[in-house]
Amino acid sequence: MKGKNIPLHMIACGKSAKVKELTTAGSLRRRMLDLGLVNGTIVEAIRKSPSGDPIAYEIRGAVIALRSEEASKIIVDVID
Amino acid sequence: MAFIVQATGIDAIKKMLKTKSNITDAFIVALAGNPNTGKSTVFNSLTGLNQHTGNWTGKTVTTAQGKYQFKDKSFTLVDLPGTYSLSSHSEEEEIARNFICFGSPHATIVVTDATCLERNLNLLLQILEITDKVVLCVNLMDEAKRKKIWIDLKKLSKILGIPVVGTSARSGEGLEELMHTVYKLCHNQITTNPIKIKYNEKIEELIQITEEKIAKFTNRKISSRWISLKNIEGDKTFLDSLDKYLGIDSAKILPNEEVDLNLRDQLVSSRVILAENISSQVVSCKKEKEYDFDRKVDNILTSKILGIPAMIALLGIIFWITIVGANIPSTVIAKMLFGLEERLTALSVAYRLPNWLHGTLILGIYRTLAWVVSVMLPPMAIFFPLFTFLEDLGYLPRVAFNLDNFFKKACTHGKQALTMCMGFGCNAVGVIGCRIIESPRERLIATITNFFVPCNGRFPTLITISTIFIAGADVGPLRTVIATITITGIIILGVIMTLVASKILSKTLLKGLPSSFTLELPPYRNPQIGRIIIRSIFDRTIFVLGRATAVAAPAGLFIWLMANTNVRDLSLLDYCAAFLQPFAYLLGMDGYILMAFILGIPANEIVMPIIIMSYMASGTIIELESLAALRILLISNGWTWLTAINVMLFCLMHFPCATTLLTIKKETKSWKWTLVSFLVPTIAGIIITFTVTQISRLSKLIV
Ligand SMILES: Nc1nc2c(ncn2[C@@H]2O[C@H](COP(=O)(O)OP(=O)(O)OP(=O)(O)O)[C@@H](O)[C@H]2O)c(=O)[nH]1
Ligand SMILES: [Mg+2]
């Protein structure tokens, strides 16, 4: 999956992407920011759980699993 | 002035910790930090206490306090729950924040993970905005070294303007220096000059305006810059706490503007970027080799095809080791204790003890105790260390990761997998652990369904029955394999029931959609074998055994008396059992078994001993000197494999024990939900045992 402005859960495992925008408000947004998901942060998709969801991402040195509902609210640009 | 500050602080602490102890003479030191960075480990090392630790996020959900002595001074250390931030997403964050803000500790130790410094600095920077009495403890230095990560602590200290100490809390390295630094900080022998986060002009301007307004109300009890920041963020719960603890009614004082979401983002971003900046200056890392090992392991343990089978296999292996390993010591202990019984009997004959006294003391109390010890001790002493080993390794979050989709489909919170795992130890602990779930709806579901995983007290029953009964007919290796498969199956059923019950609750009483969550998968860490063994034996095995014996002794007495008080040819015990018999029969059990479950409400551990006692007391003369004899006793009392299956199923699903129920009442503050928690597993158990029994009877599997 290549491209710009795509939701994070769409990127393939092993790929990295750069955070562009969070399309959520309220406490979820805060929590994402607190995890370090501010604009420009590089995120790598590491693996899918056995049933395909959630997906584990590497965010600033920590491995965090996000359900697709949450990851879809993070808009990223894929890095080749 | 200083005096007033202190008094308010201690009042607030007392309010928060509900302590009555006089802590004015000691310095108060808070332990804060991201989850899973080793706060509790530091706490334990310093205080010598046994706060639970574990390699997963959110192990500690309540504050604990303990004392330690350094030089001539005593310090009260407060272990706070781990948080990523100090806003108010969840109860833990609020507890941690309120303590640091309003408890005015004399010093705050911020414990950080050396292998993930950047993310950890974000919290530190927030704490520095509240207080300047901070020591940074860069923990897990041994892990960092192993992963070839170097941190320039001196430079870090210089940049941050606070003392920095590198530690490996588990081996105790650096803790002496940490205590020394805290000592000096409390005595004002170190002056700190914390780094200031510079926000953009617009924010700084706003801060200034607000600060001017609020400054005269704060009495310097709290940083007015921090209040301003929180006001800009629109953090309502913080402003409420401000009123509650310090009586500052911000609504009247501060400009009540609409919260500008953009500004809020910028606030957080400034911190995150500063953290990134600092970390890039002090952390050097030799290649990203560090992830290789973890990732390889995860490739198997959480893979698409192998993830779930591996999980079941791991569980199976643990049970297998437990069953095989417990066999011999169980027999040995049983032989010993029942040998002793003969001697005791001989003694009581020699001293001409009256029959009733011999009966109550030896046949009643001693025998029950002997059973509890010989049947329950060995499996527990093997199972708990193994389970703790997995926990320490960091496997539990992987379980949550593997199972999350099922929980999502059941419309519940992903962290429920974690609270479920906690229930394995003790359901009351599992229920308290449900606090890590923020949304009240999902927390209730997790609370109500927690009983579907068997706790300490029920495991021995399951293991005993599956070993001596289900597998008992065969000899040789097959026997233990069958027992293992049975137990594993029962646990899987428990998980399935958790999901089914959660789903039903989500569709009926507790309608709603799953809320968002993030799950951290911590790096695998080398478990501390020695500590695991000690901890499981003392914290769990001895605890459970103690509880069991405390309840079993009076229960044994009670049963013996009931069995030996005759009213017209039949004992009281027989009357009760006969009363329960028709219903029990429908569920494929008998009246004695059902009565044992009811009498087992104070502690589930004693269900099996009560069953045995009742059978022995009601006339079956059998010398129980070996475990094999137990099988004969059960069979002679009409047990078939259907009975055994039903007892195991009912053991998995029935009314929670008294402790769990009281904990649920305390946590939910509602009798209604306590009743629901009582009914859900009970009804499930009745339906399932009834169905199994009727189907197998109809199909004539069993006559
Ligand atoms: N190798 C190593 N492991 C450590 C060290 N300190 C703590 N650990 C391990 O890290 C894990 C987490 O430790 P805890 O003390 O439970 O962490 P915590 O900060 O209290 O976690 P929460 O209560 O979830 O916030 C445990 O498995 C510890 O054994 C250390 O210095 N070195
Ligand atoms: Mg802890």
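Residues numbered from 1 in each chain as written. Chains lettered and ligands numbered in written order. Predicted model: local features only at pLDDT ≥ 70, side-chain atom pairs only at ≥ 80, totals over all residues. Heavy atoms only, no water.

Colleague: Give a description of the overall build of chain A that names residues and reports values.
Modeller: Tallying secondary structure elements over chain A gives two helices and six strands in all. What you see in chain A, going N to C, is helices and strands ordered as β-β-α-β-β-β-α-β. The globule rule puts the C-alpha radius of gyration for 80 residues at 12 Å, and the 11 Å found for chain A is close to it. With respect to the principal axes defined by its C-alpha atoms, chain A has extents near 30 × 25 × 20 Å. (Helix = DSSP H or I, 4+ residues; strand = E, 2+ residues; numbered from the N terminus. Rg over C-alpha atoms; globule rule 2.2 N^0.38 Å.)

Colleague: Break down the pairing of strand β3 (residues 42-48) of chain A for me, citing the residues and quoting the values.
Modeller: Residues and elements named next belong to chain A. Taking burial as the measure, the seven residues of β3 include five buried ones, the bulk of the element. Note that β3 and strand β4 (residues 55-59) share five bridges and pair antiparallel. For Arg-47, the partnering residue across the bridge sits in β4 and is Ala-56. Here β3 hands over to β4 after six residues, with Gly-52 in that stretch at a positive phi of 95°. (Buried < 20%, exposed > 50% of the residue type's maximum accessible area, 1.4 Å probe, protein only. Pairing = 2+ DSSP bridges.)

Colleague: Run through the packing of aromatic side chains, naming residues and quoting values.
Modeller: All names here are of chain B. Applying the stated rule across the entire model yields 18 aromatic pairs over all chains. Each ring, one from Tyr-592 and one from Tyr-615, has its centre 5.8 Å from the other, and the planes form 70°; the classification is edge-to-face. Of the two residues, Tyr-592 is situated in helix α24 (residues 591-599) and Tyr-615 in helix α25 (residues 607-617); the sequence distance between them amounts to 23 residues. This pair shows no difference in class: Tyr-592 is buried, exactly as Tyr-615 is. (Phe/Tyr/Trp six-rings, centres within 6.5 Å; stacked < 30°, edge-to-face > 60°.)

Colleague: Could you give an account of the packing of helix α4 (residues 117-130) of chain B against helix α12 (residues 261-282) of chain B, naming the residues involved and the relevant values?
Modeller: Residues and elements named next belong to chain B. Look at α4 against α12: their axes get within 8 Å of each other, and the N-to-C directions meet at 120°. When the axis of α4 is compared with that of α12, the two are oblique. As for the relative orientation of α4 and α12, their crossing is right-handed in sense. Seen from α4, the contacting residues are Leu-117, Glu-118, Leu-121, Asn-122, Leu-125, Gln-126 and Glu-129; seen from α12, they are Arg-271, Val-272, Leu-274, Ala-275, Glu-276, Ile-278, Ser-279 and Val-282. The residue inventory of the contact of α4 with α12, partitioned by class, reads eight nonpolar, three polar and four charged. (Axes fitted to C-alpha atoms, helices over the stretch in contact; angles between N-to-C directions. Parallel < 35°, antiparallel > 145°, perpendicular 65-115°, else oblique. Left-handed = near helix turned anticlockwise from the far one by under 90°. Contact = heavy atoms within 4.5 Å. Nonpolar A, V, L, I, M, F, W, Y, C, P; charged D, E, K, R; others polar.)

Colleague: Residues and numbers for the pattern of salt bridges, please.
Modeller: This model, assessed by the stated rule, comprises 23 salt bridges over all chains. Residue Arg29(A) pairs with Asp265(B) through a salt bridge whose shortest N-O separation is 2.3 Å. Here Arg29(A), found in helix α1 (residues 26-34), pairs with Asp265(B), found in helix α12, and the two come from separate chains. Considered together, Arg29(A) and Asp265(B) belong to a single accessibility category, that of buried residues. Across the pair Glu118(B) and Arg60(A) runs a salt bridge whose closest N-O atoms are separated by 2.3 Å. (Salt bridge = Lys/Arg side-chain N within 4 Å of Asp/Glu carboxyl O.)

Colleague: Before we move on, can you summarise the environment of Ala26(B) with the specific residues and values?
Modeller: Residue and element names in this part refer to chain B. Here Ala-26 lies in the loop between α1 (2-17) and β1 (27-33). Its relative accessible area of 3% is what places Ala-26 among the buried residues. Considering only alpha carbons, one finds Ala-26 and Ser-74, 48 residues apart in sequence, at a separation of 5.1 Å.

Colleague: For unusual backbone geometry, give the residues involved together with the corresponding values.
Modeller: Residue and element names in this part refer to chain A. A cis amide bond links Asp-53 to the next residue, Pro-54, at an omega of 0°. Summarising the element assignment, Pro-54 is placed in the loop between β3 and β4. Backbone geometry places Arg-60, a non-glycine residue, at a positive phi of 45°. Note that Arg-60 resides in the loop between β4 and β5 (62-66).

Colleague: Please provide a residue-by-residue account of the sheet that holds strand β9 (residues 518-520) of chain B, values included.
Modeller: Taken in spatial order, the seven strands make up an open sheet running β1(A)-β6(A)-β2(A)-β3(A)-β4(A)-β5(A)-β9(B), and their pairing is antiparallel. Single-partner strands in this sheet number two, and they are β1 (6-7) of chain A together with β9 of chain B. Bridging between β1(A) and strand β6 (residues 74-79) of chain A involves two bridges; their strand directions are antiparallel. The residue of β6(A) that forms the bridge with Pro7(A) is Ile75(A). Where helix α16 (residues 396-409) of chain B meets the sheet, its contacts fall on β3, β4 and β5 of chain A together with β9 of chain B, and the angle it forms with β9(B) comes to roughly 145°.

Colleague: Give me the lowdown on the interface of chain A and chain B, citing residues and values where you can.
Modeller: Of the residues lining the interface, 35 residues belong to chain A; the matching set on chain B comes to 45 residues. Each partner contributes to the roughly 3,500 Å² buried at the junction of chain A and chain B, and carbon and sulfur atoms together form 49% of this total. When the buried surface of chain A facing chain B is broken down by residue, Arg30(A), Pro50(A) and Arg67(A) rank first, second and third, together holding 23% of it. Applying the counting criterion to the chain A and chain B interface returns nine salt bridges. Among the salt bridges present, the one from Asp404(B) reaches Arg67(A), with a minimum N-O distance of 2.8 Å. The interface formed by chain A and chain B holds 18 residue pairs in polar contact (both at pLDDT 80 or more) in total. Taken together, the elements giving at least two residues each to the side of chain A that touches chain B come down to α1, β3, β4, β5 and α2 (68-71) of chain A. With eight residues, α1(A) is the single largest residue contributor to the side of chain A that touches chain B. When the residues that make up the side of chain A that touches chain B are grouped by side-chain class, the tally is 15 nonpolar, seven polar and 13 charged. Pairing analysis gives three bridges linking β5(A) to β9(B), with the strands arranged antiparallel. Looking across to β9(B), one finds that Ile64(A) is bridged to Glu520(B). (Buried area = accessible area lost by both parts, 1.4 Å probe. Polar contact = N/O pair within 3.5 Å; in protein donor to acceptor, adjacent residues only side chain to side chain.)

None of the figures reported here should be taken as evidence of function without further support.
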